[in-house]
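# Structure assessment
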Amino acid sequence: MPRMPTDPGAGPAAQASGGRPAAGAPRSRLLIRGARVVVTMDDALREIADGSVLVEDGVIVATGAALRRDDPRAAGAEIVDAAGCVVTPGLVNTHHHLFQTLTRAVPAAQDAALFGWLRALYPIWARLTPDDIALSARLGLAELALSGCTCSSDHLYLFPNGARLDDSIAAAADIGIRFTATRGAMSIGESQGGLPPDALVEDEAAILRDCDRVVSAFHDPTPGAMLQVALAPCSPFSVSRELMRDAAVLARERGVRLHTHLAENDEDVAYSRERFGMTPGDYAESVGWTGDDVWHAHCVRLSDPEIALFARTGTGVAHCPCSNARLASGIAPVRAMRDAGVPVGLGVDGSASNDSSHLGLEARQAMLVARLRDGPGAMGAREVLEIATRGGARVLGRSDIGQLAPGMRADLVLWDVAEITAAGQWDPVAALVFGAPVRPRAVYVEGRAVVQEHRLTTADPARIAADAGRAVQRLMG
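The notes below deal with the structure included here. Just so it is clear, the structure is predicted and the values come from calculations on it, not from any experiment.

Reading the values: rules and limits
- Throughout this description, residue numbers start from 1 for each chain and increase along the sequence as written.
- For this predicted model, a pLDDT threshold of at least 70 governs which residues receive local features, and a threshold of 80 or more governs which side-chain atom pairs are given and counted, while totals over whole chains, interfaces and linings are taken from all residues.
- Hydrogens and water are ignored here; the side-chain numbers use all heavy atoms of the structure.
- Runs of E in the DSSP output that reach at least two residues are strands. Runs of H or I that reach at least four are helices, and both are numbered from the N terminus.
- Put simply, the radius of gyration uses C-alpha atoms, and a globule should come to 2.2 Å times the residue count raised to 0.38.
- Burial classes: relative accessible area under 20% of the type maximum marks a residue as buried, over 50% as exposed, and values in between as partly exposed (1.4 Å probe, protein chains only).
- Cavity: a set of points on a 1 Å grid over the protein atoms alone where a 1.4 Å probe fits but cannot get out. Pocket: an open set with protein on both sides within 12 Å along at least five of seven lines, its lining residues, like those of a cavity, having an atom within 4 Å of a point.
- Grid points are joined across faces, edges and corners, and a volume is the space filled by probe spheres set on the points.
- Throughout, a disulfide means two cysteine sulfur atoms within 2.5 Å of one another.
- Here a helix's expected span is defined as the number of its residues, less one, multiplied by 1.5 Å.
- By definition in these notes, contact holds between two residues if any of their heavy atoms fall within 4.5 Å.
- Note on definitions: salt bridges are taken to be side-chain nitrogens of Lys or Arg within 4 Å of carboxyl oxygens of Asp or Glu.
- When the centres of two rings from Phe, Tyr and Trp lie within 6.5 Å, Trp using its six-membered ring, the rings pair. Their planes under 30 degrees apart give stacked, over 60 give edge-to-face, and anything left gives tilted.
- The term nonpolar core refers to a set of buried residues drawn from Ala, Val, Leu, Ile, Met, Phe, Trp, Tyr and Cys, joined through side-chain atoms within 4.5 Å.
- A strand pair is defined by DSSP finding two or more bridges across the two strands.
- Note on geometry: axes are lines fitted to C-alpha atoms, helical ones only across the stretch in contact, with angles between N-to-C directions running from 0 to 180 degrees.
- Left-handed describes a crossing in which the near helix is turned anticlockwise from the far one by less than a right angle; the clockwise case is right-handed.
- Each residue is assigned to one of three groups, with Ala, Val, Leu, Ile, Met, Phe, Trp, Tyr, Cys and Pro labelled nonpolar, Asp, Glu, Lys and Arg labelled charged, and all others, Gly among them, labelled polar.

In terms of helices and strands, the protein chain carries 15 helices and 17 strands. In terms of C-alpha radius of gyration, the protein chain reaches 21 Å, essentially the compact-globule figure of 23 Å for 477 residues. Seen through its principal axes, the protein chain has C-alpha atoms that stretch 70 × 50 × 45 Å. Residues classed as buried in the protein chain amount to 61% of the 477 residues present.

In this model, the largest pocket occupies a volume close to 290 Å³. Forming the walls of the largest pocket are 15 residues, and the residues nearest its centre are Arg 338, Glu 386, Arg 390, Gly 391 and Arg 394. Top contributing element to the lining of the largest pocket by residue count: helix α13 (residues 381-395), with five residues.

For the structure on display, the rule yields zero disulfides. Cys 149 takes part in no disulfide bond, and the closest cysteine sulfur, belonging to Cys 151, lies 6.8 Å away. Residue Cys 149 is classed as buried on the basis of its relative accessible area of 0%. Cys 234 provides the cysteine sulfur closest to Cys 211, a residue in no disulfide bond, and the two sulfurs are 13 Å apart. Classification of Cys 211 by relative accessible area gives buried; the value is 3%.

Under the 1.5 Å per step criterion, the end-to-end length of helix α6 (residues 241-254) is 20 Å for 14 residues, consistent within 8% with the ideal 20 Å. Those residues of α6 lying buried are Leu 243, Met 244, Ala 247, Ala 248, Leu 250 and Ala 251. The elements touched by buried residues of α6 are β8 (178-185), α5 (204-218), β9 (227-233), β10 (257-262) and α8 (280-286). Looking one or two places after α6, you find Gly 255, whose phi comes out positive at around 75 degrees.

What the rule picks out here adds up to 29 salt bridges. Between Arg 138 and Asp 174 there is a salt bridge whose closest N-O contact spans 4.0 Å. Here Arg 138 is found in helix α3 (residues 130-146), whereas its partner Asp 174 is found in helix α4 (residues 165-175), with 36 residues between them in sequence. Accessibility expressed as a relative area gives 17% for Arg 138, which makes it buried. The salt bridge partner of Asp 411 is Arg 178, with a shortest N-O separation of 2.6 Å.

Another point: the packing of aromatic side chains. Evaluated as defined, the whole model comprises eight aromatic pairs. Pairwise contacts between aromatic rings join Phe 99, Trp 117, Tyr 122, Trp 125 and Tyr 157 into one cluster.

Further remarks concern the nonpolar core. Counting residues in hydrophobic clusters, the biggest one holds 123 residues, and the most contacted among them are Trp 117, Leu 118, Trp 125, Trp 289 and Met 337. Those residues within four positions of Met 337 in sequence are excluded, and the remaining contacts are Cys 299, Leu 302, Ile 307, Val 317, Ala 332, Val 342 and Val 344. In terms of nonpolar packing, the next biggest core, distinct from the first, is built from 20 residues, Val 55, Val 87, Ala 410 and Leu 414 among them.

Moving on, we get to the pairing of strand β5 (residues 85-89). Burial analysis of β5 places five of its five residues in the buried class, the great majority of the element. Pairing geometry for strand β1 (residues 29-39) and β5, over two bridges, is parallel. The residue bridging Val 38 from the neighbouring strand is Val 87, located in β5. For β5 and strand β14 (residues 412-416), the ladder comprises five bridges, and the chain directions are antiparallel.

On to the packing of α3 against α4. Two elements in contact, α3 and α4, have axes separated by 8 Å at closest approach and are oriented at 35 degrees. The crossing of α3 and α4 is right-handed. Each of Pro 130, Ile 133, Ala 134, Ala 137, Arg 138, Leu 141, Ala 142 and Ala 145 in α3 lies in contact with α4, whose residues at this interface are Asp 167, Ser 168, Ala 171, Ala 172, Asp 174 and Ile 175. By residue class, the composition of the contact of α3 with α4 is ten nonpolar, one polar and three charged.

None of the figures reported here should be taken as evidence of function without further support.
Rendered as structure tokens:
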């Protein structure tokens, strides 16, 4: 797999512009019309019956009821008939480990909690090659796109056999969805009291140098960016206090976001108390890891004072209910977080702890576990769709996506509620969450079709699956 350019001069401007037209280029227009409902997720949370969305050069210019072909603003537009569809903003995935898509349902890890699960998988992950990293990213991102995801983050925290963040970035460009690539790291191995084997940890000075490199090469801070970078030391049990602090300083110097795991289960909390003498949230605050430029994954065991801390500082949370259930970590207190004002988005987490990269399933699970924890009124379908769209955009620091409103980027999904899986529903919007997964008829990113007529347009899923099968056979050998 060829690497993406790493020369800063060929970086963000060339790689992450999203293909926006050059000055003087012909304008492209797209009119999506006749949807059963357009769920805008705008500030008024409007839902428009017989709705339409007008797009120009990848940006939404109008939403409304029954915009007509002869509307002057739609002159020359490509017309998309959305009859039988609910149209929503694209779903946003705030936490993933794409490299894990080649290690799904590994027998030794099927029935383990977090720490045992990691110990079972570290030796396999140590055999991954750069090509495996790229392939696993293509596989996971293709699956995400087919589930209605238009923007995904990825937490790559190990780099065996010469792998680099560049490998997964190249794969994201192939699939065509927005991407926040986080440069993760592990620096404290077993010999120093950490969890990972020593062979998978890196020198901290080298980690920081590479963090600086990938920000220079790839991060695009402009509205509509297709590619952004964040810094993401893996977890309190795999990096030093000094690396956490230094990464926070570097991220703020370079204007990028911070991401890590926090308070994932009881073992995680016990480690923090024993190692640092404080709760995970207090530890995060002590090393500069709270603020509206930070988001933490899981937060299953966040206490009331920690929730208040996150709300006060604007610190975000990636809620991963399927993975949390799979590893028996618990149910995150999302109702309390939302009520307090903590920014919350959804994450599928790694495909070795979820065995899927399907954001629709994640949304349904989020609603169900919230009710299991806090009662039947704890979470409704529309609220979880808001978390999956607006909420995820906020957690990733994106003010240009997550809504269907003028000026927002044209990342949107046409959900086919005319299919058998949605038949019999009374409320087509709620049906997206309450019922079996509804397939997207089309998925647009920056106004370009990534999925059309239920099929991925940017890559061949059959070829990706075949390549993944061969890679798994090699890893099993």
